Amino acid sequence: MKTFCGRANPTTGSMEWLEEGEDYDYHQEIARSRYADMLHDKDRNVKYYQGIRAAVSRVKERGEKAIVLDIGTGTGLLSMMAASAGADFCYAVEVFKPMANAAVKIVEKNGFSDKIKVINKHSTEVTVGPDGDMQCRANILVTELFDTELIGEGALPTYEHAHKYLVEEGCEAVPHRATVYVQLVESKRMWSWNKLFPVRVEAEDGEKIIVPPSEMENCPGVPSVCDIQLNQMPSSDFTTLSDVVTMFRVDFSKPVRSASTCYRVQLEPVKSGKAQIVLSWWDIDMDPSGMINCTMAPYWAKPTSALQWRDHWMQCVYFLPSEEPVLQGEKLFLTACRDEYSVWYKLQKARGEENTADVRGGSPVCRCRAHLLWNRPRFGELNDQNRTCQYIQSLSKVLKTDSVCLCISDGSLLPVLAHYLGAKQVQYFVLFFRSLHFSLFFKANHLEDKIKIIEARPELLKPSHLEDKKISVLVGEPFFTTSLLPWHNLYFWYARTAVSSHLASNVTVLPHSASLHMMIVEFQDLWRIRSPCGTCEGFDVRTMDDMIKDSLNFRESKEAEPHPLWEYPCKSLSDPQEVLTFDFTKTVPQHCLSTEGSVNLLRKGRSHGAVLWMEYLLAADISVSTGLMQISNEKGNCEWNPHCKQAVYFFSSVIESETLSDPTAVTYAINFDTKTGEIAMDFKL
Ligand code: SAH
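A quick note: this is a predicted structure, and the numbers were derived from the prediction, not measured.

Q: Before we go on, may I ask you to explain the overall build of the chain in this structure?
A: Along its length, the chain carries 15 helices and 38 strands. Expressed as a percentage of its 685 residues, the buried residues of the chain come to 57%. Taking all contacts inside the chain whose residues are at least 6 apart in sequence as the whole, residues at least 24 apart take part in 77%. Accessible area for the chain stands at about 28,700 Å²; split by element, carbon and sulfur atoms hold 49% of it. Taken as two groups, the 72 positive and 88 negative side-chain charges of the chain have centres that lie 2 Å from each other.

Q: Explain the packing of helix α3 (residues 42-61) against helix α4 (residues 77-84) here, please?
A: When two helices pack together, their arrangement is given by the angle between their axes and by how far apart the axes lie. Their axes nearest at 9 Å, the elements α3 and α4 cross at an angle of 40°. Looking at the two axes, α3 sits oblique to α4. For the crossing formed where α3 meets α4, the hand is right-handed. Contact residues: α3 offers Arg44, Asn45, Tyr48, Tyr49, Ile52 and Val56, while α4 offers Leu77, Leu78, Met81, Ala82 and Ser84. Here the residues of the contact of α3 with α4 are counted per class, giving 8 nonpolar, 2 polar and 1 charged.

Q: Can you help me understand the packing of aromatic side chains in this one?
A: Any aromatic ring pair is given by two values, namely how distant the centres are and how the planes are angled relative to each other. Counting across every chain of the model gives 27 aromatic pairs. With a centroid separation of 5.1 Å and 65° between ring planes, the pair formed by Phe89 and Tyr91 is classed as edge-to-face. Arranged with centres 4.3 Å apart and planes meeting at 10°, the rings of Phe248 and Tyr263 form a pair that is stacked. Note that Phe248 is positioned in strand β13 (residues 245-251) and Tyr263 in strand β14 (residues 261-267), a separation of 15 residues in sequence. Each of the two residues, Phe248 as well as Tyr263, counts as buried.

Q: How should I be thinking about the site of the ligand in this particular structure?
A: Taken together, 18 residues lie around the ligand, and Tyr35, Arg44, Gly72, Glu94 and Ser123 are the ones closest in. The separation between a nitrogen atom of the ligand and a polar side-chain atom of His122 is 3.1 Å. For the ligand, whose free accessible area comes to 580 Å², the fraction covered by protein is 90%. When grouped by side-chain class, the residues that make up the shell around the ligand number 8 nonpolar, 6 polar and 4 charged.

Criteria and thresholds
- Residues numbered from 1 in each chain as written.
- Predicted model: local features only at pLDDT ≥ 70, side-chain atom pairs only at ≥ 80, totals over all residues.
- Heavy atoms only, no water.
- Helix = DSSP H or I, 4+ residues; strand = E, 2+ residues; numbered from the N terminus.
- Buried < 20%, exposed > 50% of the residue type's maximum accessible area, 1.4 Å probe, protein only.
- Contact = heavy atoms within 4.5 Å.
- Areas by Shrake-Rupley, 256 points an atom, 1.4 Å probe, with all protein chains shown as cover.
- Lys, Arg positive; Asp, Glu negative; His and termini not counted.
- Charge placed at Lys NZ, Arg CZ, Asp CG, Glu CD.
- Axes fitted to C-alpha atoms, helices over the stretch in contact; angles between N-to-C directions.
- Parallel < 35°, antiparallel > 145°, perpendicular 65-115°, else oblique.
- Left-handed = near helix turned anticlockwise from the far one by under 90°.
- Nonpolar A, V, L, I, M, F, W, Y, C, P; charged D, E, K, R; others polar.
- Phe/Tyr/Trp six-rings, centres within 6.5 Å; stacked < 30°, edge-to-face > 60°.
- Near = heavy atom within 4 Å.
- Polar contact = N/O pair within 3.5 Å; in protein donor to acceptor, adjacent residues only side chain to side chain.

Structure below.
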């Protein structure tokens, strides 16, 4: 069987569908999966075990046999817990074949083959009866089908079906119930991920303001969840406007309805402000008494208990359709609507008539199309006035009154900045082959006659597109929506190469070069997602460890993976080092660019991996970093660009650097293949 995998091609800037063997897909899924993270989640595991023991005891006390249905068994962990707790039989259902195979091995290795039957099916395909997958209905339902939004992985339809067809009425469920909590906040930082703020430009003839189109202002955005490590959000970056309130509950021991519905709560702001964001998280009670509770509450909502780090369950940021000024003590209604898989929020002022009619309707749909073009970090980046200032300063240095400017970047404000910074008769061209609807933006700023959008790919650019002029200034941020890893934005270099024949002989390219930087780090927590687990609550899960290792090594050279490091604290163990440079004033060379060298480990710590990022030299003394902003203190704590993902290469084994008198060195070999636009790397510790 062949599988098609979507991959961004950094040499063309577009998505390509590559045919891969079915193994490829599996390996990708396993290598990048959250299974290791779940197995490292001690708090979760301990509480599931307690809840399962309690449920088995309750059934046994009633004199019944304990028959367990574990939906989404993964490694088989929860079934093994049930079998150890004295369950008579477990049906362990797992839809993902490689995991079902692994579960069979793990169950066997731990000696539970006679108590646990692994069924490689989606739970809705499972049959019950003498010839069925299950001999009889179960009286204990165990699952772990939750994502950060609780219901995003399809827990509700799965439960709905299980109660109808697979479990007895009045069954015990672990977890017993889930509760979703919300808190209303004002946060310029988070709001900047969803709305474009006016951009100030100090031009020679006074200050100009770039305004977002009204369509954008009133747009409800996209329904996809914004899940983040809220514990990394400093309290100075938001103001809580309400207490934490319970939004809705789901009792998993009773029939569950997955059909769309709304929940409404009354709120009284504890402070006046601008209601913009609903922060949300959930907890699960493993037993009916609520004594075994596993919570995703962030630091300020649960200050007494030690926080368990986990990446498979985080917290949600929901954007209200528009910001609403609210007064302390005023009566407000917050409505959560959900369909089978997602949740969205609306805020209403109580004005006598309690009108719920207009809060129904479907999930938010982006009308302005900006939310389809820009993801949340990209909005944040465009709203970063400091960053904009660096581009303004650089553009001011290179633009002349007769400049003919071509911009190559997706959904960029650079053409508008360039327009305001140049003389009026100057013509600008933008090459947006993916973002034509961006014209909306130019219209709102009355620039539709000043900035021309060229509907062509760079290699198809014709002199007529440019009114037979040569380009004197070529600009890019660079930013492309298809980029996953930092160096994928080097597509700018390929596009620059493709338009070479249209460039004036004395063309200025901004940025005129890019450089790849690297640093060895110790992660506070992120290491867990790729680290072997060994045993989990006494069960041997090394089969899973081996499977992840094999998948990571599936391709000869391991790949770096993108992570937004502002969410994942780490400390630097080496100095940051520039490893490769890319000269945009020249075309992409035919040959590969490679480098080798070594870095000294300067601080004590565990080397979990290398972080790589790009820096762009805009002008002689102005560069922007998409990675490290600064190393903030003696301990080596790092501050990362909050709008970008950095590349993380996890080392296959960790080394502890102990003494600093004889520093350990890490050697590296890095190769940029100009044919594919990919970077391969190898490290030796
Ligand atoms: N129970 C394991 C793994 C949880 S991850 C643990 O707690 O460690 C969730 C697993 O459920 C995934 O492996 C996914 O493939 C599987 N899954 C999700 N919905 C399912 C369904 N309806 N039927 C069968 N498997 C499902």
